[in-house]
Each structure stands twice: as C-alpha cells, then as structure tokens.
Amino acid sequence: MLGRIFTEQFAFSAGDSVVVIGLGRFGGSVAQSLVRLGHDVMGIDRREDLVQFWGDRLTHAVQADSTNENVMLQLGVADFSHAIVAIGSDLAASLMTLMVLTELGIKDIWIKAQTPEHGQIAQRIGAHHVVFPEADMGARVAHLITGRMMDFIEFEDGFAIAKIHAPPGTHFQTLAEAHVRSRYGVTIVGVKRANQDFEHALPDTRILPADLLIVSGPTRKIELFAAGEKKAR
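Residues numbered from 1 in each chain as written. Predicted model: local features only at pLDDT ≥ 70, side-chain atom pairs only at ≥ 80, totals over all residues. Heavy atoms only, no water.

Chemist: Hey, could you go over the overall build of the protein for me, with residue numbers and the actual values?
Modeler: The helix and strand tally for the protein stands at 10 helices and 13 strands. A buried classification covers 46% of the 233 residues belonging to the protein. In the form shown here, the protein has an accessible surface area of approximately 11,900 Å², with 53% of it arising from carbon and sulfur atoms. (Helix = DSSP H or I, 4+ residues; strand = E, 2+ residues; numbered from the N terminus. Buried < 20%, exposed > 50% of the residue type's maximum accessible area, 1.4 Å probe, protein only. Areas by Shrake-Rupley, 256 points an atom, 1.4 Å probe, with all protein chains shown as cover.)

Now the structure itself:
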C-alpha cells in the first residue's frame with residue numbers, strides 16, 4: 001500500500017527512469033509499483049539479501065554504497081530522471097546519499113523523512129520533495145477506520161483529493177443547488193453511481209444518497225464535508 005500511495009500522489013511522466021535507493025519495505029514497494037506503471041527502475045541497496053530479492057522484480061538491482069559519489073557515477077545514476085532516497089533509519093546515510101545525488105545534478109530528488117527535522121535538513125541540502133510515508137499512512141488509515149472516506153490522498157501543501165460517500169446535506173440536490181463550493185470550500189470533481197460509469201461533475205449533476213463523490217480541496221475542509229458538517233471553515 002505504501003508504494004501505491006506514493007505513485008498515486010506523486011505521478012511521474014510515462015517512461016521516466018527512476019533510481020530508488022534503499023530497498024526496504026517502503027523503497028521496495030515504491031520501486032515495484034513504478035515498474036508496474038511502466039518505468040525503468042534501478043534499485044540500489046547495501047544489503048545483498050535485499051538486492052537478490054528484488055533482482056528479478058526490478059529493471060536493475062545493484063548492491064552498492066550510495067554515499068560514494070564515484071560508485072554512483074559508475075552506475076550511471078546521473079542519467080536518471082528521478083531519484084528516490086528511501087533509506088530507513090540511517091539518517092547519516094540518507095543525507096549523505098542526498099548530497100551525492102545533488103552533486104550529480106539529478107533534477108528531481110525525493111527523500112523519505114523520518115521526522116520533520118530530517119525533512120528540513122534534506123530540503124536545505126537539495127531535496128526537491130520530502131515525503132513522510134508513516135504519517136501519510138496514519139492519516140489514511142484513520143480516515144478509512146472512521147468510515148468517512150473510502151480513499152484519501154494528501155499533498156504537501158495541505159491540499160487533498162478524497163473518495164467519499166455523499167454527505168446527507170447533498171442528497172437529491174444538484175451541485176448548483178447544494179452550493180458545495182461556497183458552503184464547504186471544496187470542489188466535487190466527479191460522481192460514481194452504482195452500475196454506471198464515472199461522471200464528471202457539472203452544475204446540473206444531481207447527487208443521490210448512494211453516490212460516491214470525488215472531492216478536492218483543503219484537507220480540513222474535506223474532512224468536515226465528509227463528516228456532514230454544515231460549515232467547513
């Protein structure tokens with residue numbers, strides 16, 4: 001699931017090459033998901049057992065020290081479009097690898113951060129994007145457990161997209177009648193009705209009680225809208 005969250009939330013262009021450094025639970029899942037989406041993926045890890053495990057699942061899997069710039073040059077890492085630093089609890093190795101990638105001129109570097117402090121340092125060194133997979137997973141599971149949302153993707157700037165059950169306040173109304181955007185501060189992007197195709201939302205789209213809604217907007221406002229709050233401030 002971690003890999004699916006990452007690839008849904010941070011989609012790359014079709015066919016882009018990606019190097020994933022760190023093939024633990026998160027890195028391996030992301031790498032495998034990217035392969036399934038049609039990307040060429042090189043996985044790098046110091047551990048021989050992990051490299052052997054992923055050897056026939058990725059485009060390439062290499063046992064190497066990612067903190068060594070010469071080694072990374074020899075592997076051709078500088079030619080990749082994207083780099084993902086998915087190293088786990090070894091903060092020093094994570095940041096040293098990031099420094100190497102920055103020196104190699106990788107234009108799109110993502111890093112998995114364990115703490116806000118880790119993320120802040122990474123951004124100062126040169127990471128273009130920081131992800132907190134454990135925190136993202138926690139929020140996602142909490143929403144699923146409460147039953148308010150069936151799926152949930154949150155972006156770095158507090159903006160989210162969610163699939164939710166139609167709240168009672170919208171039932172049997174068109175979007176124009178419900179005034180969803182002005183009352184709740186969110187946008188209904190589409191509607192999915194049982195046994196019918198997905199429908200892009202229009203002002204005259206009528207919402208029924210069993211409908212599923214694709215909603216976008218600030219995270220907190222989506223949460224309130226999904227909970228049926230009358231005012232999402």
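Here the narrative resumes.
Chemist: Can you break down helix 6 (residues 116–125) residue by residue, with the values?
Modeler: Within the span of helix 6, buried status applies to His118, Gly119 and Ala122. Seen along its axis, helix 6 keeps its buried residues to an arc of 95°; they face one direction. For helix 6, exposure combined with an orientation more than 90 degrees from the buried face picks out Pro116, Glu117 and Arg124. Looking one or two residues past helix 6, glycine 126 carries a phi angle of roughly 145°, positive in sign. (Arc of directions from axis to C-beta.)

Chemist: Explain unusual backbone geometry to me, and be specific about the residues and the numbers.
Modeler: The phi dihedral of histidine 179 is positive, around 50°, even though this residue is not glycine. Structurally, histidine 179 is set in the loop between helix 8 (175–178) and helix 9 (180–184). Within the chain, asparagine 195 stands out as a residue other than glycine whose phi angle is a positive 65°. Mapped onto the secondary structure, asparagine 195 falls in the loop between strand 10 (187–192) and strand 11 (199–200).

Chemist: Explain the environment of glycine 55 to me, and be specific about the residues and the numbers.
Modeler: Relative to the elements of secondary structure, glycine 55 occurs in the loop between helix 3 (48–54) and strand 3 (60–63). Residue glycine 55 is classed as partly exposed on the basis of its relative accessible area, which comes to 37%. Separated by 13 residues in sequence, glycine 55 and methionine 42 have C-alpha atoms that sit 9.6 Å apart.

Chemist: Outline the nonpolar core, supporting the account with residue identities and numerical values.
Modeler: Core analysis: the largest hydrophobic core is formed by 25 residues, its most contacted members being Val19, Ile44, Met72, Val77 and Leu101. For this core, the element with the most residues is helix 5 (residues 91–104), which contributes 6 residues. Ala166, Ile188, Ile222 and Phe225 belong to the second largest nonpolar core, which has 20 residues in total. (Core = buried A, V, L, I, M, F, W, Y, C linked by side-chain atoms within 4.5 Å.)

Chemist: Could you give me a rundown of the sheet that holds strand 7 (residues 149–154), with the residues and numbers involved?
Modeler: With respect to topology, 5 strands assemble into an open sheet ordered 7-8-13-10-11, the strand pairing being antiparallel. Looking at the sheet topology across the chains shown, the edges are occupied by strand 7 and strand 11. Pairing of strand 10 with strand 13 (residues 212–218) involves 5 bridges; the strand directions are antiparallel. Within strand 13, the residue paired with lysine 192 across the bridge is leucine 212. (Pairing = 2+ DSSP bridges.)

Chemist: Account for the confidence of the model for the protein, naming residues and giving values.
Modeler: Per-residue pLDDT for the protein averages 85, and the proportion of residues at 70 or more is 84%. Of the regions scoring below 50 in pLDDT, residues 1–5 engages in 16 contacts with residues more than four places distant in sequence or in other chains. (pLDDT = per-residue confidence, 0-100. Contact = heavy atoms within 4.5 Å.)

Chemist: Explain the packing of aromatic side chains residue by residue, including any values.
Modeler: Following the criterion strictly, the structure yields 2 aromatic pairs and no others. Ring plane angle 90° and centroid distance 5.0 Å describe the contact between phenylalanine 53 and tryptophan 54, whose orientation is recorded as edge-to-face. When its relative accessible area of 44% is taken as the criterion, phenylalanine 53 is described as partly exposed. On the basis of relative accessibility, which here comes to 8%, the residue tryptophan 54 falls in the buried class. The residue whose ring lies beneath arginine 57 is phenylalanine 53, and the NZ or CZ to ring-centre distance is 4.0 Å. (Phe/Tyr/Trp six-rings, centres within 6.5 Å; stacked < 30°, edge-to-face > 60°. Lys NZ or Arg CZ within 6 Å of the ring centre and 35° of its normal.)

Chemist: Which residues make up the environment of valine 215, and what values do they have?
Modeler: You can see valine 215 is positioned in strand 13. Separated by 55 residues in sequence, valine 215 and alanine 160 have C-alpha atoms that sit 8.2 Å apart. Beyond its immediate stretch of four places on either side in the chain, valine 215 contacts Ala160, Ile161, Ala162, Ile164, Val186, Thr187, Ile188, Ile222 and Phe225.

Chemist: Give a detailed account of the side chain of serine 17, specifying residues and quantitative values.
Modeler: Checked against the element boundaries, serine 17 lands in strand 1 (residues 17–21). Serine 17 sits in the buried class, given a relative accessible area of 17%. Those residues within four positions of serine 17 in sequence are excluded, and the remaining contacts are Asp40, Asp79, Phe80, Ser81 and His82.

Chemist: Go over the sheet that holds strand 3 with me, naming the residues and quoting the values.
Modeler: In spatial order, the strands read 3-2-1-4-5-6; together these 6 strands make up an open sheet with parallel pairing. Whereas interior strands pair on both sides, the edge strands pair on one side only; in this sheet they are strand 3 and strand 6 (129–131). Direction aside, the axes of adjacent strands within the sheet are offset by 15° on average. Sheet topology note: the strand 5 (residues 109–112)/strand 6 ladder contains 3 bridges and is parallel. Along strand 6, the bridge assignment pairs isoleucine 111 with valine 130. Along the sheet, helix 2 (residues 25–36) makes contact with strand 1, strand 2 (40–45), strand 4 (82–85), strand 5 and strand 6, crossing strand 1 at roughly 165°. On the sheet, helix 5 packs against strand 1, strand 4 and strand 5 and is oriented at approximately 180° with respect to strand 5. (Axes fitted to C-alpha atoms, helices over the stretch in contact; angles between N-to-C directions.)

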